[in-house]
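The residues making up each chain are set out below.
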Amino acid sequence: MTTKNFQKRIDKDLYDRVAAIYNDLGTSVGEAFVMFLKKSEEVQGLPFELRKSSDVMSDQELEDLLLSRLEHKRIDLDNSDDVAEFFDEEFPEYEVNHG
């Protein structure tokens, strides 16, 4: 296998921040770059979605979409089943003792 050297100037602060992230992951910027290239080859393109910022939904559009899809339901806070369903988990400390 022959190799090729690749050099690119980048902002030192960006490099240092990213190097710290990769170091925490047990790798290096150089190794991550090779991973990027291998993944690019695997997916035959960039290994992440690339889009113009105008294609991104605005905060207001996202809020409108979420509100349009919310199901309205009254929650009885004295009913442990309603509380558990709201939080999608069990909270025995909120069970009402009717005894």
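Check the entry above for the structure.
Attention here is on the structure that accompanies the text. (Residues numbered from 1 in each chain as written. Predicted model: local features only at pLDDT ≥ 70, side-chain atom pairs only at ≥ 80, totals over all residues. Heavy atoms only, no water.)

**Observations regarding unusual backbone geometry**
Note: most peptide bonds trans; most residues except glycine with negative phi. As a reminder of what qualifies: Numbering of helices and strands runs from the N terminus; a helix is a DSSP stretch of H or I covering at least four residues, while a strand is a stretch of E covering at least two.
Unusually for a residue other than glycine, Gln 44 sits at a positive phi of about 60 degrees. Examined against the element boundaries, Gln 44 turns out to sit in the loop between helix H2 (29-43) and helix H3 (59-69).

**What about the layout of surface pockets?**
Stated formally: The distinction between a cavity and a pocket rests on a 1 Å grid over the protein atoms alone: a 1.4 Å probe fits inside a cavity but cannot get out, while a pocket stays open yet meets protein on both sides within 12 Å along at least five of seven lines, and a residue with an atom within 4 Å of a point counts as lining. Grid points are joined across faces, edges and corners, and a volume is the space filled by probe spheres set on the points. Each residue receives one of three labels: charged for Asp, Glu, Lys and Arg, nonpolar for Ala, Val, Leu, Ile, Met, Phe, Trp, Tyr, Cys and Pro, and polar for the others, Gly being one of them.
If you add up the space inside the largest pocket, you get close to 660 Å³. What lines the largest pocket is a set of 22 residues, among which Phe 6, Val 29, Gly 30, Phe 33 and Val 34 lie closest to the centre. Secondary-structure elements contributing two or more residues to the lining of the largest pocket are helix H1 (12-24) and H2. Looking at which element gives the most residues to the lining of the largest pocket, the answer is H2, with eight residues. Classifying every residue of the lining of the largest pocket gives 14 nonpolar, six polar and two charged.

**Some remarks on the pattern of salt bridges**
Put simply, the rule reads: What counts as a salt bridge is simple: a side-chain nitrogen of Lys or Arg found within 4 Å of a carboxyl oxygen of Asp or Glu. The rule is simple: take the accessible area with a 1.4 Å probe, protein chains only, and divide by the maximum for that residue type; under 20% is buried, over 50% is exposed, in between is partly exposed.
Enumeration over the complete set of coordinates arrives at two salt bridges. For Asp 16, the salt bridge goes to Lys 12, with nearest N and O atoms at 2.5 Å. One end of the pair, Asp 16, and the other, Lys 12, are both in helix H1, four residues apart, so they sit about a helical turn from each other. For Lys 12, a relative accessible area of 57% gives the class exposed. Where Lys 39 meets Glu 42, a salt bridge forms, and the shortest distance between an N and an O atom there is 3.1 Å. Separated by three residues within a single helix, Lys 39 and Glu 42 lie in helix H2, roughly one turn from each other. What makes Lys 39 partly exposed here is its relative accessible area of 36%. Overall, the relative accessible area of 57% leaves Glu 42 in the exposed class.

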